[in-house]
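Coordinate inspection notes
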Amino acid sequence: MRNIRFLILVIFSCSLSFAQQDLGIVGQSNWLYGWTSFKPLANDYPQTTKILPNVISSDFKLSGFETYSLVGEVYVTNNATLTIEPGTIIRASTDEYSTLIITKGSKIIADGLPNNPIVFTSSKSAKERKPGDWGGIYILGNAPINIYGGVYKIESAIDPSLTTAGGSNPADNSGSFKNVRVEFAGKGKNRNSIYDAVSFIGVGTGTTIDGIQSSFSNGNSFKFIGGNVKGTKMIAYRSKNSDFELTQGVNCDLSNGLVIRYAYFSASTSFRAVTVKQYENRDITDFTKPQTNVVMTNFSMINESDGEAVTKGLIKEAIYINDGCLFSLNKTIISGFETALFLSSNIALTPENINKIKLKKIFFNNCENNIISELGTTESQDLESMFAASIYGNVYYKASATDIFNDPNNERTPDYRIKISGVK
């Protein structure tokens, strides 16, 4: 195994020197600047000036000059559009289960600016906020989901017609997210339940996702259930559960994304930077419909503890793939994890199954294991040898985050673009 890694370093050190600027998140400038926040506990937000109605059944606009209180379940219904101006702050009540639900046929237009973002956050004051203070955001679309009947229902006691997603339109448009932050979400309806910060359920390609950050979610940062989704500049910061969970036949193309996991906060089992599954519930899954198909390009997935021995057992795999899924990962950096890519034992290592997984130009850095199968050591060694072939252009490396990224320790706005001279 060590000989294989050494050989790969020798073969690809030259090719990497001119291509490395294409690895991980990319941009002529640091696109994290201005609209993101990596110290959300310390942010002082204005006191609320208005309360959102619980049912929004006609077009409704939130002003950037106001700070809104989101109390309980707020539904956008009747094909209405909720427009949120740049600079708007929405503070969700922590005294009850508070969540925003965009029902099927309705839209949210949340277009913040790089210097004037839109923020969904907790109603608590600075330094008192915590993960799971409020529910999160549900986007219910009309794109296909691979379950019987094609309809997925979220948990709620109100009219079922307002809580279902799924349909026959892969190009369905549920609105737009640009330069939006979602902080301290993940509270469930019941005392011990956990929800996700942002759930895209049956969402179609007509929906714009171009700059959204989830921070300190008590559940997953982003969950995709079915649908046909395109998204870019998605940031998952210190999620307790998985950062990206993709399931029930979602077909998605995600690019230029950042995942930062924190060993002392992440749940210790079953959660990763990326979890790819064919289904949540096998009994309701229609296997005649399209299977989960995930394409991720130019991602940077980073364990903040950077492989420190004291975190052994606290941080798990970067990516977990279950059987029946298509997964393509391109031009991506995976740094500081115990294991970079973990394949379920349900995936027999046949040519048919291996061809469903594509890894090209992946920079595996400072990971104890790179590609592992639950089936055992021999199978894992075979996987590493196969993906070491020159046609894939994958690289195994050992360096600290400060050596390979521009400015990862900047507390205000880190820069996780790869250094031009960071890899030799």
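Notes on the structure follow. Keep in mind that what you see is a predicted model, and the values were worked out from it rather than measured.

1. Quick look at the side chain of S174
Relative to the elements of secondary structure, S174 occurs in the loop between β13 (164–165) and β14 (175–183). Residue S174 is classed as buried on the basis of its relative accessible area of 2%. Residues within four places of S174 in sequence aside, it is in contact with S106, K107, I108, I139, L140, G141, V203 and T207.

2. Focus: the pairing of strand β24 (residues 326–335)
Working note: regular strand, side chains alternate between the two faces of the sheet. Among the 10 residues that make up β24, eight are buried, leaving the element largely enclosed by the rest of the structure. Direction of pairing for strand β22 (residues 293–303) relative to β24: parallel, over a ladder of eight bridges. Residue V295 lies in a different strand from β24, and its bridge partner there is S328.

3. A few points about the pattern of salt bridges
Applying the stated criterion across every chain yields a total of 12 salt bridges. Measuring nitrogen to oxygen at the nearest pair gives 3.6 Å for the salt bridge that ties K223 to E245. Linking K223 in strand β17 (residues 222–225) with E245 in strand β19 (residues 244–247), this pair joins segments that are 22 residues apart in sequence. There is no split in this pair, since K223 and E245 are both buried. When the shortest N-O distance is used, the salt bridge between K223 and E280 registers 2.3 Å. Here E280 lies in the loop between β21 (274–276) and β22 and K223 lies in strand β17, a separation of 57 residues in the sequence. Counted as one network, the salt bridges with shared partners bring together K223, E245, K277 and E280.

4. Observations concerning the environment of N146
Along the chain, the position of N146 falls in the loop between β11 (136–140) and β12 (152–153). Owing to a relative accessible area of 2%, N146 belongs among the buried residues under this scheme. Spatially, the C-alpha atom of N146 lies 17 Å from that of F327, the residues being 181 residues apart in sequence. Not counting residues within four places of it along the chain, the set of residues in contact with N146 comprises Q248, G249, Q278, I284, T285, D286, K289 and P290. Engagement of the side chain of N146 in a polar contact is seen with the backbone nitrogen of G249, the distance being 3.4 Å.

5. Structural notes on the packing of aromatic side chains
Applying the stated criterion across every chain, the model contains 16 aromatic pairs. For the ring pair F120 and W134, a centre distance of 6.4 Å and an interplane angle of 15 degrees mean the geometry is stacked. Of this pair, F120 sits in strand β10 (residues 118–122) while W134 is found in the loop between β10 and β11, placing the two residues 14 residues apart along the sequence. As far as the burial class goes, F120 and W134 line up, both buried. Taking the centre distance of 5.8 Å and the plane angle of 85 degrees together, the rings of Y279 and F287 count as edge-to-face. Y279 gets classed as partly exposed once you look at its relative accessible area, which sits at 23%. Judged by its relative accessible area of 42%, F287 is partly exposed. Every member of this aromatic cluster is reached through a ring pair, and the members are F38, F184, F216 and Y237. The ring of Y262 has R238 lying over it, and the distance from NZ or CZ to the ring centre is 3.8 Å. If you follow R272 out to its NZ or CZ, it ends over the ring of Y320, 4.1 Å from the centre.

6. Description of the sheet that holds strand β23 (residues 317–321)
If you walk across this open sheet you meet the 11 strands as β2-β5-β8-β11-β15-β17-β19-β21-β23-β25-β27, and the pairing is parallel. At either end of the open sheet lies a strand with only one pairing partner, and these are β2 (55–56) and β27 (369–373). As defined by bridge partners, β2 adjoins strand β5 (residues 73–76) across two bridges and the pair is classed as parallel. Paired with V55 across the strands is Y75, a residue of β5. Sheet strands in contact with helix α3 (residues 377–387) are β25 (339–343) and β27, and its direction is about 125 degrees off that of β27.

7. Examining the nonpolar core
The biggest cluster of nonpolar side chains holds 72 residues, and the ones touching the most others in it are F244, M301 and I334. Those residues in contact with F244 that lie beyond four places of it in its chain are F222, F224, M234, A236, L254, V259, A273, V274, T275 and F299. In terms of nonpolar packing, the next biggest core, distinct from the first, is built from 23 residues, W31, F38, I333 and Y416 among them.

8. A few points about unusual backbone geometry
The backbone of N256 shows a phi angle near 55 degrees, a positive value even though the residue is not glycine. In this structure N256 comes out as buried when scored by relative accessible area, which is 8%.

9. Things to note about α3
Turning to α3, its buried residues are S380, L383, E384 and F387. For α3, the angular spread of buried residues about the axis comes to 95 degrees, placing them on one side.

10. Comments concerning the environment of D403
Positionally, D403 belongs in helix α4 (residues 401–404). Exposure remark for D403: the relative accessible area of 41% places this residue in the partly exposed category. Remark: the alpha-carbon pair of D403 and K419, spanning 16 residues in sequence, is separated by 7.8 Å.

11. Some words on the side chain of N179
Within the element layout of this structure, N179 appears in strand β14. Separated by 3.0 Å, the side chain of N179 and the backbone oxygen of G112 make a polar contact. The residues contacting N179, other than those within four sequence positions of it, are W35, G112, L113, P114, P117, I118, D210 and G211.

Reading the values: the criteria
Residues numbered from 1 in each chain as written. Predicted model: local features only at pLDDT ≥ 70, side-chain atom pairs only at ≥ 80, totals over all residues. Heavy atoms only, no water. Helix = DSSP H or I, 4+ residues; strand = E, 2+ residues; numbered from the N terminus. Buried < 20%, exposed > 50% of the residue type's maximum accessible area, 1.4 Å probe, protein only. Contact = heavy atoms within 4.5 Å. Pairing = 2+ DSSP bridges. Salt bridge = Lys/Arg side-chain N within 4 Å of Asp/Glu carboxyl O. Polar contact = N/O pair within 3.5 Å; in protein donor to acceptor, adjacent residues only side chain to side chain. Phe/Tyr/Trp six-rings, centres within 6.5 Å; stacked < 30°, edge-to-face > 60°. Lys NZ or Arg CZ within 6 Å of the ring centre and 35° of its normal. Axes fitted to C-alpha atoms, helices over the stretch in contact; angles between N-to-C directions. Core = buried A, V, L, I, M, F, W, Y, C linked by side-chain atoms within 4.5 Å. Arc of directions from axis to C-beta.

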